[in-house]
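Residues per chain, in single letters:
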Amino acid sequence: MSLHSTPEISVNCGDCPIRHRAVCARCESDDLARLESMKTYRSYEAGQTVIWAGDDMDFVASVVSGIATLTQAMEDGRTQMVGLLLPSDFVGRPGRARAAYTVTATSDLLMCCFRRKPFEQMMASTPSVAQRLLEMTLDELDAAREWMLLLGRKSAREKIASLLAIIARRDATLRLKSPAGRMSFDLPLTREAMADYLGLTLETVSRQISALKRDGVIELEGKRHVTVPDFDELLAEAGDDSDGGALA
């Protein structure tokens, strides 16, 4: 496993930017101190593999900053991107010693890692951690079901709008803001990565982003900084309502 140790990074759990959404969100001071004793930070450059599917995985982690992809390979070498890991998302599975998916840093990535065995012991004795992880797992299940709809039924334009809405919502949540009205965020994926994730060609992604820009649904500054003048309009383009559900 390729990684860069980052001993110079020392973030107090109480000051962590993902504290309110991560697996430790419900922890009291004593529990945070216990997590402090077992955590380390690991950083990865864009394109680096965090762990390969099937490898021994002696840690679990929370994404602090950056974005990573989950991919799964078939026997003939074909691969499919099956998920995105955004800030506050949990990496790894307590009780499972091997990685189920290959995790790759799409942008520069920082993770807060916990040794798996001590974390499993803490889960058994700390209901707040186990409850929060269950909530996050159920949220991930909901997201996977929504993604099945996106890949199976939505048009290319709706797919692009849906992905932008997902990223905008997460960015707003991390900033403790409501996803509404005018919103700005940095797009963490290249257009090539978007094409791979959405099952589209690079040309289609570029064409649909240009169309959304031309129609005033989004504004672009460079290739990565996106402004959404009206979040409800973006949701309408994605085929969703203001609560994120599909339009009837």
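Source: prediction; values computed, not measured. (Residues numbered from 1 in each chain as written. Predicted model: local features only at pLDDT ≥ 70, side-chain atom pairs only at ≥ 80, totals over all residues. Heavy atoms only, no water.)

Novice: Can you help me understand the overall build of the chain in this one?
Specialist: The helix and strand inventory of the chain stands at seven helices and 12 strands. Compactness check: the chain gives a C-alpha radius of gyration of 19 Å against a globular reference of 18 Å for 248 residues, within 12% of the reference. Along the longest, intermediate and shortest principal axes, the C-alpha atoms of the chain span 50 × 45 × 35 Å. Burial status across the chain gives 44% buried among its 248 residues. Intrachain contacts of the chain at a sequence separation of at least 6 include 73% that bridge at least 24 residues. (Helix = DSSP H or I, 4+ residues; strand = E, 2+ residues; numbered from the N terminus. Rg over C-alpha atoms; globule rule 2.2 N^0.38 Å. Buried < 20%, exposed > 50% of the residue type's maximum accessible area, 1.4 Å probe, protein only. Contact = heavy atoms within 4.5 Å.)

Novice: It is not clear to me how the pairing of strand E12 (residues 225-228) should be interpreted in this structure. Could you clarify?
Specialist: The two faces of the sheet receive side chains in turn, since in a regular strand these alternate between them. Pairing of strand E10 (residues 183-186) with E12, which is carried by four bridges, proceeds in the antiparallel orientation. In the sheet register, serine 184 faces E12, and the bridge partner there is threonine 227. Relative to E12, strand E11 (residues 219-221) runs antiparallel, the two being bridged by three bridges. Along E12, the bridge assignment pairs leucine 220 with valine 226. Taking the residues between adjacent antiparallel strands as the criterion, E11 and E12 are bridged by three residues, where glycine 222 takes a positive phi near 70°. (Pairing = 2+ DSSP bridges.)

Novice: Mind showing me how you'd approach empty space enclosed by the protein here?
Specialist: In this approach a probe as big as a water molecule rolls over the atoms, and the regions it shows empty are the leftover space. The tally for this structure, following the rule as stated, stands at one cavity of 30 Å³ or more. When its volume is computed, the largest cavity comes out at roughly 90 Å³. Around the largest cavity, the lining residues are Cys13, Cys16, Ile18, Ala22, Cys24, Leu35, Lys39, Tyr41, Ser62, Cys112 and Phe114. Where the lining of the largest cavity is concerned, the elements lending two or more residues are strand E2 (39-44) and strand E9 (109-115). Among the residues making up the lining of the largest cavity, the classes are represented as nine nonpolar, one polar and one charged. (1 Å grid on protein atoms, 1.4 Å probe; cavity = no way out; pocket = protein on both sides within 12 Å on 5 of 7 lines; lining within 4 Å. Points joined across faces, edges and corners; volume = space filled by probe spheres on them. Nonpolar A, V, L, I, M, F, W, Y, C, P; charged D, E, K, R; others polar.)

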